[in-house]
Amino acid sequence: MKKYRSNFWSVLLVWLICTASICAQEIDISGNVLDNLNQPLPGANVLVKGATIGTQTDFDGNFTIKAPSDGILVISYIGFTSKEVSINGQTIINISLEEDASQLDEVVVVGYGTQKKSDVTGAVGTVGSDDIENITFSDPAQALQGRMAGVNIQSQGGSPGANSLITIRGTGTLSAAGPLFVIDGVITNNMNSVNPQDIDTISVLKDASSTAIYGSRAANGVVIITTKTGTKGKLTIDFDTNFGFTNLVNDIDWANARQYADIVNRSDDNDGTDRSPANDSEFNPNNTSNLYDESIRTGSISNTNLRLAGGGENTLFSLSLSHLDGEGVVKYDDFERYTVRANGSFTKGKFKLQNTIGLTRSVNNPNPYFNKERNLIPTISLKDANGNWNSSDLDPGSALATFYGPGTIINELGVAALEDRTVTNTNILGNLAASYEIFDGLTYKLNLGLEYNINNNYRFRPQDQLFIDGNLGNFAEISERNDTFLSTLVEHTINYKKTIGKHGIDVIGGFTQQENNTRRLGVDARRFPSNDIRVPSAAEEISNAPSFDNTSAIQSYFGRVNYSFDDRYLLTATLRKDGSSLFVEDLRWGTFPSAAFAWNISNEKFMKNVSSISNLKFRASYGEIGSNNVGVYSVDPQLNLFSEYVLGDSPARATGYSITKGVNPNIFWETTKTTDIGLDFAAFNNKLDITMDYFIKKSEDILIGIRLPIYTGFDNEIPFNTASVENKGFEFSANYRDQLSEDFSFNASLNFSTLDNKVTSLGGSTPIITGSFTSNSLNSKKTDIGQPIGSFYGYMVDGIYQTDAEATAANDTSGNPVAGDLKFKDLDGDGDIDVDDQTYLGSAIPNFEYGFNLGANYKQWDLNLFFNGVSGNTLLNSNRYRGFFDTDGNYLAEALNAWTPSNTNTSIPRNTQADNGFNRRMSDFYLESGAYFRLRNAQVGYSLSDDLLDKIKLSKLRLYVSAINLFTITDYTGYYPEIGRNNRGGSEQSQFNLGVDEGTIPSGRTLQLGLQVSF
């Protein structure tokens, strides 16, 4: 019986195996994978559940696979909800996937990794490639303008080579420091080297909880950029090219020769001086020019991008090339840029190797002379009879001031044409990262980064009569600077991720070290044998040879813990310790903590029946971030080895050492403390997504350069930790998208932010006076306690004096006004107009910014409209200084409407060059509202249908027309209200130069035609 039973079970087992084999016989299955709009999904994964069998759909969404007849297929595609389909012996299976709105925005790039959006506890804003691809621009920072609450983007004018300034949640320093940039894991100081079409995502970390992982350099926010990679299983070729023209948005009416002569003659009459012959007895209407009209042209821009990407089982790659060529709206202002970027990755089991490298080379030929002071007056021809650039219609050597009147005459267009100015920049930025999963959940990563930059700034001014007449020099001269920058980065991190029941933990710790070296070799040489010889060694005189070699380094230890319980309660804690070579050893290290808490309210049981709300999360965070905003070797005194001093009973000069630079060795870290409270909200099946944040950002121990009394022997600014600045504001962003029919879908987004910036302490230091807008040293700004950084400061105009008696009675201590001069308000009521009557006149920092985007698709047509604007800010229009008061150039035609005894109903003071009433002093006469609302970008595109694409074997062919700055609504009377920061008196990045419009090349209106093709 035992033997019988054993045989019975053996036969039964064999029979079951044979039956299962027959029932599960593999069959050939074919089918198609479509989206919810019945469009094919190329590259969708089709797998047999429980097996290693799989394939991907082709260009048309078709697939074939061998699978058991009773098996299950699992179909997945990024951005769509995965689906399981039982085979049940079917040989043809067609599948339609539904778009997963939550998954599309599920992963957010944060410091040293990624997080699910639902797990993020800090204030993080993200812009994806979909937001970038349909907008044409050359500056990658423009991808953020108006698209993210709390992020201010200021273009540095309309030059094709101009970059943008990025400020996150207000200015928290008095230095030129901006946000930290991380490009594919490489820490750098800007994003200028990135081609916008290569960008996959841009994440902006705004609060201390999210930025703390980057420590000392993150006090002004962090911008993380990831570039595009390949897609597994297919090769794609994307080609995008566009070409367009740029025209001036607004023109300014400058006086012609006749108008100029009338204005100056009236000035001479008012001042009681003789009229200049050129404007009166020898006025020649044939000797006339219009410098500004002649300086403006129709610019052009072309941009071409080519990208190859793909991948296999273990590798991914992407190679892109781009070329940008732009001519500005101002003549002799050109820019060209070439970019090559290669990304690759290799994965084998637990090992992963990633590499990225970008090469950018730009050649910039700027025109720095447009709209500057002391330009050519219109009674002089731009060119002489022989076609040469001209600064005088008189014979060489003639007394120009006697004939033309007072002032320095410079033909800035001629100078721009004759000078050879070239700024050539070559940048290499790349990294190599290797990671290995030691055991389940624990991964070690080594990241090596490199940035190498070579910048050559070259200017050659030939010997020419133009420069002699303009008092610029009577000899040829050359100025050249060669700067090299090398930054190396080494990062070790170890990361542990694990989910145990309802508990989730993500811990990362690491060590990083970065070393930066900047070296300059330069020369200024003049008096060359001829204009054809441009070698400094051939010059008669080497007037200057500037050079330096600066090295700095930073070491850091950091750690972060993310903990979640039941996807409801989230906690993040970060600690970073930084050591900087910029401080002395005892003060070198700073420790900066942060913590954040989030509550996913929508995951609570009491929210289960609230189907209309798909996400509701409360966030709160606090953190401290350090900043070492001080120059290299600021704590190291400098010695002059050849100083002389008179010594001895019989006075004689003796040579010795002397300290020529005063220092403060006790400087230490600036600290920024940020408190943030936020709310994330999604409803209507994730069609509506809203984010709100309120923040308070306090920056303390800010470094200020202070000049010591002259008896100390030092005349340099010495840094001290004395100032404090507070920024607080509210941020709101909302996105809505919907599919109204099979043929029509749309999306809309809105964001706005408010900002209140003020100085809370100067530590006993005197107010900071800055903002010069003329060569006559007129300052326009004052930074003091209780006011925004760089507030405009001066007198308030109260009309025009109508009689000499009224002017005399004002007791103006700064001038001797008469009828027709500006009348200033006596704010303190003491009966005098003096320095105590100055007041704060506004701030260049907008207190309200907003952006609105509308996109729609109808069949093969698509439309994208992007609006943005600012308000609450004030601009200084220095054209009003030059156009009414400056004696060294042309006047505004409006100066003809100046006050006269017969023309009293005007706001323009009398014409005068002597200006005894000191009308030109800083006042609100120069200030205007900087608010604007504009259609920043508009684009209409048409894509060929799938049927046509199939016939020509393409995956995409799209034609589009776009317009940049199609219209701008503003009360600003300058060329354009977006002016950035000028560079008078220091770096163009200076916080104190914001809003001072001094010859900024205006942004234009650009119309473009483009083509996108994918293979």
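In what follows, the structure referred to is the one given above.
These notes cover the structure that comes with them. (Residues numbered from 1 in each chain as written. Predicted model: local features only at pLDDT ≥ 70, side-chain atom pairs only at ≥ 80, totals over all residues. Heavy atoms only, no water.)

Here's the deal with the overall build of the protein chain
Within the protein chain one finds 12 helices and 51 strands. Its C-alpha atoms give the protein chain a radius of gyration of 34 Å, near enough to 31 Å, the size a compact globule of 1015 residues would have. Looking at the protein chain as a whole, 50% of its 1015 residues are labelled buried. Across the protein chain, every contact between residues at least 6 apart in sequence was considered, and the portion connecting residues at least 24 apart equals 69%. If you sum the accessible surface of the protein chain, you get close to 45,100 Å²; carbon and sulfur atoms cover 54% of it. Considering the protein chain, the positive charge centre built from 81 side chains and the negative charge centre built from 117 side chains are found 10 Å apart. (Helix = DSSP H or I, 4+ residues; strand = E, 2+ residues; numbered from the N terminus. Rg over C-alpha atoms; globule rule 2.2 N^0.38 Å. Buried < 20%, exposed > 50% of the residue type's maximum accessible area, 1.4 Å probe, protein only. Contact = heavy atoms within 4.5 Å. Areas by Shrake-Rupley, 256 points an atom, 1.4 Å probe, with all protein chains shown as cover. Lys, Arg positive; Asp, Glu negative; His and termini not counted. Charge placed at Lys NZ, Arg CZ, Asp CG, Glu CD.)

Regarding the packing of aromatic side chains
Evaluation of the coordinates by the stated rule reveals 37 aromatic pairs. Through a chain of ring-to-ring contacts, three or more aromatic side chains come together here, namely Phe-730, Phe-732, Phe-752, Phe-848, Tyr-850, Phe-852, Phe-867, Phe-933 and Phe-967. The ring of Trp-389 carries Lys-383 above its face, with NZ or CZ at 4.5 Å from the centroid. (Phe/Tyr/Trp six-rings, centres within 6.5 Å; stacked < 30°, edge-to-face > 60°. Lys NZ or Arg CZ within 6 Å of the ring centre and 35° of its normal.)

Things to note about the pairing of strand E36 (residues 744-754)
In the sheet, strand E35 (residues 717-739) pairs with E36 via 9 bridges, with the strands oriented antiparallel. Paired with Arg-737 across the two strands is Asn-747, which belongs to E36. A loop of 4 residues connects E35 with E36, the two strands running antiparallel in sequence. The pairing of E36 with strand E44 (residues 848-858) spans 11 bridges and is classified as antiparallel. Of the residues in E44, the one forming a bridge with Phe-746 is Ala-856. (Pairing = 2+ DSSP bridges.)

Topic: the environment of Gly-150
Secondary-structure assignment places Gly-150 in the loop between helix H3 (129-133) and strand E11 (151-155). Sequence-wise, Gly-150 and Gln-939 are 789 residues apart; in three dimensions their C-alpha atoms are separated by 25 Å. With residues up to four places along the chain from it excluded, the contact list for Gly-150 reads Thr-167, Ile-168, Arg-169, Glu-731 and Ser-753.

A few points about the sheet that holds strand E16 (residues 222-227)
Taken in spatial order, the 5 strands make up an open sheet running E10-E15-E16-E13-E14, and their pairing is mixed. Only two strands of the sheet have a single neighbouring strand rather than two, namely strand E10 (124-128) and strand E14 (186-188). The mean angle between the axes of side-by-side strands here comes to 20°, regardless of whether they run parallel or antiparallel. Relative to E16, strand E15 (residues 199-205) runs antiparallel, the two sharing 6 bridges. By the bridge assignment for E16, Ile-202 is matched with Ile-225. (Axes fitted to C-alpha atoms, helices over the stretch in contact; angles between N-to-C directions.)

Description of the nonpolar core
In terms of nonpolar packing, the biggest core is built from 64 residues, with Tyr-404, Phe-773, Phe-792, Leu-876, Met-922 and Tyr-926 touching the most fellow members. The set of elements that each furnish at least two residues to this core consists of helix H5 (257-271), helix H6 (291-295), helix H7 (400-404), helix H8 (412-418), helix H9 (465-469), strand E42 (822-824) and helix H11 (879-884). (Core = buried A, V, L, I, M, F, W, Y, C linked by side-chain atoms within 4.5 Å.)

Overview of the environment of Asn-727
Within the secondary structure, Asn-727 sits in strand E35. Between the C-alpha atoms of Asn-727 and Phe-695, which are 32 residues apart in sequence, the distance is 8.1 Å. Apart from the residues within four sequence positions on either side, Asn-727 is in contact with Arg-169, Gly-170, Thr-171, Gly-172, Phe-695, Ile-696, Lys-697, Leu-755, Asp-756 and Asn-757. A distance of 2.8 Å separates polar atoms of two side chains, one belonging to Asn-727 and the other to Asn-757. (Polar contact = N/O pair within 3.5 Å; in protein donor to acceptor, adjacent residues only side chain to side chain.)

Some thoughts on empty space enclosed by the protein
In this structure the tally under the stated criterion is 14 cavities of 30 Å³ or more. Along its surface, the largest cavity is lined by 31 residues, and Ser-138, Gly-158, Ser-159, Ile-301 and Thr-1006 are the ones closest to its centre. Counting residues per element, the ones that place at least two in the lining of the largest cavity are strand E17 (236-248), strand E18 (299-311), strand E48 (932-943), strand E49 (956-970) and strand E51 (1004-1014). Asn-152, Thr-167, Gly-170, Leu-755 and Glu-849 are the residues nearest the centre of the second largest cavity, which is lined by 21 residues in total. Considering each element in turn, the lining of the second largest cavity owes the most residues, 3 residues, to E11. Here the lining of the second largest cavity is composed, by residue class, of 8 nonpolar, 9 polar and 4 charged. (1 Å grid on protein atoms, 1.4 Å probe; cavity = no way out; pocket = protein on both sides within 12 Å on 5 of 7 lines; lining within 4 Å. Points joined across faces, edges and corners; volume = space filled by probe spheres on them. Nonpolar A, V, L, I, M, F, W, Y, C, P; charged D, E, K, R; others polar.)

What to know about the side chain of Ser-634
Secondary-structure assignment places Ser-634 in the loop between strand E30 (613-627) and strand E31 (638-647). You can call Ser-634 buried: its relative accessible area is 15%. A distance of 2.7 Å separates a polar atom in the side chain of Ser-634 from the backbone oxygen of Gly-631. With residues up to four places along the chain from it excluded, the contact list for Ser-634 reads Lys-661, Val-663, Asn-664 and Pro-719.

Things to note about the pattern of salt bridges
Considering all chains together, one arrives at 37 salt bridges under this definition. Where Lys-49 meets Glu-84, a salt bridge forms, and the shortest distance between an N and an O atom there is 3.2 Å. One end of the pair, Lys-49, is in the loop between strand E2 (45-48) and strand E3 (54-56); the other, Glu-84, is in strand E6 (residues 83-86), and 35 residues separate them in sequence. Looking at Lys-49, the relative accessible area reads 48%, which means it is partly exposed. (Salt bridge = Lys/Arg side-chain N within 4 Å of Asp/Glu carboxyl O.)

Here we look at H5
Count 3.6 residues to each turn of an α-helix, and residues three or four apart come out pointing the same way. With 15 residues, H5 should cover 21 Å at 1.5 Å per step; its first-to-last C-alpha distance of 21 Å lies within 8% of that length. When H5 is considered as a whole, its buried residues turn out to be Ala-257, Tyr-260, Ala-261, Ile-263, Val-264, Asn-265, Ser-267 and Asp-268. Between the side-chain oxygen at the start of H5 and the backbone nitrogen of Arg-258 there is a gap of 3.2 Å, and the oxygen is on Asn-256. (Expected span 1.5 Å × (residues − 1).)

Focus on a nonpolar patch on the surface
On the surface, a nonpolar cluster with roughly 880 Å² of combined accessible area is contributed by Phe-346, Phe-351, Leu-353, Leu-432, Tyr-436, Ile-438, Phe-439, Tyr-444, Leu-448, Val-490 and Ile-494. No other element matches the 4 residues that strand E22 (residues 420-439) contributes to the nonpolar patch. One can find Leu-448 in strand E23 (residues 442-461). (Patch = residues over 30% accessible without salt bridge, like charges linked within 9 Å, V, L, I, M, F, W, Y side chains within 5 Å.)

Considerations on the sheet that holds strand E39 (residues 781-783)
Sheets are built from strands paired through backbone hydrogen bonds, the pairs being either parallel or antiparallel. Taken together, the 4 strands give an open sheet; going across it, the order is E38-E39-E40-E43, and neighbouring strands pair in antiparallel fashion. Looking at the sheet topology across the chains shown, the edges are occupied by strand E38 (768-770) and strand E43 (839-842). Direction aside, neighbouring strands of the sheet carry axes that sit 45° apart on average. Pairing of E38 with E39, which is carried by 3 bridges, proceeds in the antiparallel orientation. Counterpart to Ile-768 in the pairing with E39 is Thr-783.

These results come straight from atomic positions and should not be treated as a statement about function.
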